[in-house]
Amino acid sequence: MMNLFKIALRNLLRYKRRTLLTASLITVGVVFVLVFVAVSGSFKAMMIGQITDAMLGHIQIHKQGYVASIDNLPLNLNLNAKTAARIDEILGSQKNIEASSPRLKFGGLFSNFVESTNIRLNGIYPDREFKTVPLLTSRISEGRKTIAKGEILIPALLAKGMKVKVGDSVVIVATNKDGSVNGKQFVVAGIMEGVTGPGGRDGYVHIEDAAEVLRMPELEISEVAVRLKDFDRLQPAFQDIRKQLETEFRKGDKFPLEIHTWEGLSPFFNIARMLDIMTFFIKLMLVALVLISVLNVMMMAVYERIREIGTMAAIGTPPGKILLLFMMEGLSLGVLGTIIGGGVGLLLLFILNVAHITFNFGQQQGLLLQAYVNPMDFVTIAVIVILVSVVASLQPAFKASRMEPIVALRHV
Amino acid sequence: MSLVVAEDITKDYRVGEMIVPALRGISFEIEPASFVSFVGPSGSGKTTLLNLIGCLDAPTSGRMTVAGADVGALDRKEGAAFRGANIGFIFQDFNLLPVLTAYENIEYPLLMVQNIPVEERRRRVTALLEAVGMADQAGKRPDQLSGGQKQRVAIARALVTSPKVVLADEPTANLDSKTAHTVVELMKKMRDELQTTFIFSTHDQKLVDEVEILFRLEDGLLASRGNGEG
C-alpha cells in the first residue's frame, strides 16, 4: 500500500503546475468555508447570546396556551401560586440550571400625570432576573442598574415621547383578570433600550408591585425564564426539564404546561437557521469545487498515461492495484488541499482574532468578533474534502483499471 | 513438451464495416529455452502473434497454449495473473515507468505483481542490474538514461520474475546498430544463463542473424520455418 502511495505521490509531483493549481483550488475552497463557518458561527453565537442573555433566557415555562396569546399578555393564563412554587422546587433541584426567574407580565396604562400611553410590564424579582438574563443591566442606558419596590424601569422611546426622566414619578394603571382597575405610583429608576435598539414597550417593576397593581390575593406567574449552566447542552437540558415537569404535572393526556427553548420564542431563530442553511450551501459549493477539480485532473492523468497503464497491465499488475493507484492520487490531492487549506484557514482566523474586529448590536457596543471554528466542524470539512476527492477519482481510476492492455499499448 | 503451441490460429480485426484478417490459420510449436524470431513485412501479423502469445489478446479461432495454459480462454484477472507469473515483455519504446528509477522499474513486477519480500526483491534486482551492466545507473530515472540503457533496464524488468517466455516486439528498432548488437548479446546471455525462451518480432537483419529459429510471416500466414544463423 505504501509503495502505491509513493508512486501516486511521484505521479502528482510529475505534473507540478497542475497539481499545485488543483491543490490551490481545494485550498481556496477549504479556507473560504473555514472562515465563513467561523465568522458566521461567531456572529450567530453572539446574537443568540444577546437575545437569550438580555431578554428571553434559554428556556421558558408557561401555562398551556399562553404563548399563542402572548401578545395580549392574558392574565387568565397565569400559573397559580402552588404550581409556580412546585416548578420553582423542580428547577431548583436541576443540576444543569444556573438560575431561573418567575415573571408576572401584564399590560397597563402609563401616565406622567399630563398624558398617558400603553405599556407592557414585567414584574420580576430583580436579583433572580439579573442572574437569569445577566445582560439585562447592559440595556439600562440611564439610571440605576437595578430596581427596588416602588420603582420602574421604562423603555427609552416611551421616556422620550412622554418626556419622563430618571427620578420622575409616574402612574401605572391596569385592569386585573376580574375586570377591576387599579393604579400605583412609581419612581422611574432607569431607562432601558430594547435588545436590538431603542424600540420596544417593555418596562420592569418589582413582582410584588405587579401583584399589588393586579390585586392578586396570592402571587400568580406568567412565565418562568430559565438560564442553563451550559448553553451547548440546551436540548438535553430541555428534555430533562420537560421530563421532570411531565412526571409532576401530567394527568392522563393532559399536560397543563408548555415549555419552549429560546428557538421557539424568538424570530431570530429563523435568521440563525438561514445562517445554517447558507453554511450548508457554502459546504455544497466546496464539494462541487473539489469534485470538479479532482475529477478533471484525474481524467487528464488517465488520458495522458494510457500507454503507461497499458504497460502496467501487460506486466501483470492486477486491475485492483491500478484502480487503487489512481484513487490514491485523488486522495493525496484532497489531503494536500486540506492540509494547506486548513493551515491557511486557521492562520486567517488567528489574524482575524488578533485584529480585534468589533461591531455593535443594540445596546452592546464594541462586541468583539471571535472567529472560532469548532474542532468537529474542522474535522467535518476535512473529511468532506478527502472523501469527495476519492469519489471524484473513482470514475477515472475505474476507467484506467478496465483498460485493455493491448488497446492502451497501441495508444499514441 | 513444447512451451508455446499455436493450433490453427486466426485473428480478425474489425475496421469500420470491414473485417480484416491479420492471421489466417497459423500453427507452430516453440520449445523451452529457444531464441526465436518472427520476421516479415509490416502488416504480416508479427505483433498480433506476439500479443496472442503474451495473453494480451485472444484469437478469433484456434487455440494458443503457453506453458500448458489456453491463454485465449483467460479472463482479465486470470490473464493479468498469468502474464505476471509466466511472461516478460520488452517493448520497442522501452515503456519504463517514468516516475520510477531503473532499480524501481526492475523491482516493479516483484513488488506490484508477485508480492515478493523485500530481501528477495533486493537480491534479484541487484543481480539483474549487475547482469545487464546497469548497477551504477540504478538510481537514475528513465529520462536520465540513453536508449540502450533503457532497453537494458527493460530486459532486466522482463527477466526479474523468472518468466518462462520473454516477448520482445521490435526490441532493437529504436537503438543504433552497436547498441542493438549489445542488447541482443545480452538477451542471448540471459537465455543461456536462465534458460528463458525469447520470442521476437523484428525487421532488423542483425537480430535475424542472431536468432536460432526463424518464422517468416506473409499476409497472416506462416511462409516458412527455418533455423537462423545464431
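Just so it is clear, the structure is predicted and the values come from calculations on it, not from any experiment.

Chemist: Talk me through the overall build of chain A; I want residue IDs and the actual numbers.
Modeler: Scanning chain A from terminus to terminus reveals twelve helices and twelve strands. For chain A, the C-alpha radius of gyration of 31 Å lies well beyond 22 Å, the compact-globule estimate for 412 residues. For chain A, the spread of C-alpha atoms along the three principal axes comes to 100 × 50 × 30 Å. A burial count over chain A gives 39% of its 412 residues as buried.

Chemist: I'd like a rundown of the overall build of chain B, residues and numbers included.
Modeler: If you tally the helices and strands in chain B, you get seven helices and ten strands. Counting only C-alpha atoms and orienting by the principal axes, one finds that chain B spans roughly 50 × 40 × 40 Å. Sequence separation of 24 or more characterises 69% of the internal contacts of chain B that already satisfy a separation of 6 or more.

Chemist: Account for the pairing of strand β2 (residues 18-30) of chain B, with residues named and values stated.
Modeler: All names here are of chain B. Where strand β1 (residues 4-15) and β2 come together, ten bridges link them in antiparallel fashion. Note on β2: the bridge partner recorded for D12 is P21. Counted along the chain from β1 to the antiparallel partner β2, the turn is two residues long, and its residue G16 has a positive phi close to 65°.

Chemist: Summarise unusual backbone geometry; cite the residues concerned and give the values.
Modeler: Residues and elements named next belong to chain B. In this structure, N95 is a non-glycine residue whose phi angle is positive, near 50°. Even without being a glycine, D219 presents a positive backbone phi close to 50°. The residue D219 is located in the loop between β9 (213-218) and β10 (221-227) in this model. For D219, a count of 14 C-beta atoms within 10 Å translates into the label partly exposed.

Chemist: I'd love a proper account of the sheet that holds strand β4 (residues 61-66) of chain B, names of residues and values included.
Modeler: Residue and element names in this part refer to chain B. Spatially, β2-β1-β4-β5 is the arrangement adopted by the four strands of the open sheet, whose pairing is antiparallel. Looking at which strands have only one partner, the edges of the open sheet turn out to be β2 and β5 (69-70). For β4 and β5, the ladder comprises two bridges, and the chain directions are antiparallel. Directly across from V66, in β5, lies its bridge partner A69.

Chemist: Let's hear about the nonpolar core: which residues, and what values?
Modeler: Counting 112 residues, the largest nonpolar core has L34 of chain A together with I53, I106, I155, A156, V165 and L167 of chain B as the members making the most contacts within it. Among the elements that line this core, the one with the most residues is helix α2 (residues 16-56) of chain A, at nine residues. Listed in part, the 53 residues of the second largest apolar core include L104, A156, L158 and A237 of chain A.

Chemist: Break down the packing of helix α5 (residues 147-159) of chain B against helix α6 (residues 177-194) of chain B for me, citing the residues and quoting the values.
Modeler: When two helices pack together, their arrangement is given by the angle between their axes and by how far apart the axes lie. Residues and elements named next belong to chain B. Put simply, α5 and α6 touch, their axes get as near as 10 Å, and they point 15° apart. When the interaxial angle is binned, α5 and α6 end up roughly parallel. Crossing angle aside, the handedness with which α5 passes α6 is right-handed. For the pair formed by α5 and α6, the contact residues are G147, G148, Q151, R152, I155 and L159 on the first element and T179, T182, V183, L186, M187, M190 and L194 on the second. For the contact of α5 with α6, the residue count by class is seven nonpolar, five polar and one charged.

Chemist: Talk me through helix α7 (residues 234-249) of chain A; I want residue IDs and the actual numbers.
Modeler: Residue pairs three or four apart in sequence face the same way in an α-helix, which turns once every 3.6 residues. All names here are of chain A. If you check α7, its first and last C-alpha atoms are 22 Å apart, about what 16 residues at 1.5 Å a residue would give, namely 22 Å. If you check which residues of α7 are buried, you get A237, F238, I241 and L245. All buried residues of α7 lie within an arc of 100° about the axis, which places them on one face of the element. Exposed and oriented more than 90 degrees from the buried face of α7 are Q235, P236, Q239, K243, E246 and T247. Each element contacted by the buried residues of α7 is listed here: β1 (59-63), α3 (81-93), β9 (223-228) and β10 (257-261).

Chemist: Describe the interface of chain B and chain A, naming the residues involved and giving the relevant values.
Modeler: On the chain A side, the residues contacting the 18 residues of chain B number 18 residues. Secondary-structure elements contributing two or more residues to the side of chain B that touches chain A are α2 (76-86) and α3 (102-113) of chain B. Looking at the side of chain B that touches chain A, the element that brings in the most residues is α2 of chain B, giving six residues.

Chemist: Just give me the short version of the pairing of strand β3 (residues 116-124) of chain A, but keep the residues and values in it.
Modeler: All names here are of chain A. One ladder, built from nine bridges, connects strand β2 (residues 97-111) with β3; its direction is antiparallel. Bridge pairing in β3 links G108 to I119. Taken together, β2 and the strand that follows it, β3, pair antiparallel across an intervening segment of four residues, in which F113 is found at a positive phi of about 80°. Relative to strand β8 (residues 202-206), β3 is paired through five bridges, and the arrangement is parallel. When the bridges of β8 are listed, G123 appears paired with V205.

Chemist: Please give an account of the packing of α3 of chain A against α7 of chain A that cites residues and values.
Modeler: All names here are of chain A. Packing of α3 against α7 leaves a shortest axis separation of 10 Å and a crossing angle of 140°. With respect to α7, the axis of α3 lies oblique. For α3 against α7, the interelement crossing comes out right-handed. Seen from α3, the contacting residues are R86, I87 and I90; seen from α7, they are Q244, L245 and E248. Broken down by class, the residue content of the contact of α3 with α7 amounts to three nonpolar, one polar and two charged.

Chemist: Describe the sheet that holds strand β6 (residues 87-90) of chain B, with residues and values.
Modeler: Residue and element names in this part refer to chain B. Taken in spatial order, the six strands make up an open sheet running β6-β7-β8-β3-β9-β10, and their pairing is mixed. At either end of the open sheet lies a strand with only one pairing partner, and these are β6 and β10. Averaged over all neighbouring strand pairs, the angle between strand axes comes to 20°, with direction disregarded. Bridge count for strand β3 (residues 35-39) against strand β8 (residues 197-202) is five bridges, and the pairing is parallel. Looking at the pairing, V39 lines up with T202 of β8. Running over the sheet, α5 touches β6 and β7 (165-169) and is turned about 170° from β6.

Chemist: Would you mind going over the environment of Q370 of chain A in detail, with residue names and values included?
Modeler: Residues and elements named next belong to chain A. One can find Q370 in the loop between β12 (364-368) and α11 (375-401). C-alpha separation for the pair Q370 and R305, spaced 65 residues apart in sequence, amounts to 48 Å. If sequence neighbours within four positions are ignored, Q370 has contacts with S42 and N353.

Chemist: Outline α3 of chain B, listing residues and values.
Modeler: With twelve residues, α3 of chain B ought to run about 16 Å at 1.5 Å a step, and its terminal C-alpha atoms sit 17 Å apart, in line with that. Counting buried positions over the twelve residues of α3 of chain B gives eleven, a clear majority of the element. Where the residues of α3 of chain B are buried, they touch α9 (306-315) and α10 (319-354) of chain A together with α2, α4 (118-131) and α5 of chain B. Looking at the residues trailing α3 of chain B, positive phi occurs at N115 of chain B, about 50°.

Reading guide: rules and limits
Residues numbered from 1 in each chain as written. Chains lettered and ligands numbered in written order. Predicted model: local features only at pLDDT ≥ 70, side-chain atom pairs only at ≥ 80, totals over all residues. Helix = DSSP H or I, 4+ residues; strand = E, 2+ residues; numbered from the N terminus. Rg over C-alpha atoms; globule rule 2.2 N^0.38 Å. Buried ≥ 20, exposed ≤ 12 C-beta atoms within 10 Å, placed from the backbone. Contact = placed C-beta atoms within 7 Å. Pairing = 2+ DSSP bridges. Core = buried A, V, L, I, M, F, W, Y, C linked by C-beta atoms within 7 Å. Axes fitted to C-alpha atoms, helices over the stretch in contact; angles between N-to-C directions. Parallel < 35°, antiparallel > 145°, perpendicular 65-115°, else oblique. Left-handed = near helix turned anticlockwise from the far one by under 90°. Nonpolar A, V, L, I, M, F, W, Y, C, P; charged D, E, K, R; others polar. Expected span 1.5 Å × (residues − 1). Arc of directions from axis to C-beta.

That's the geometry; what it means functionally is another story.
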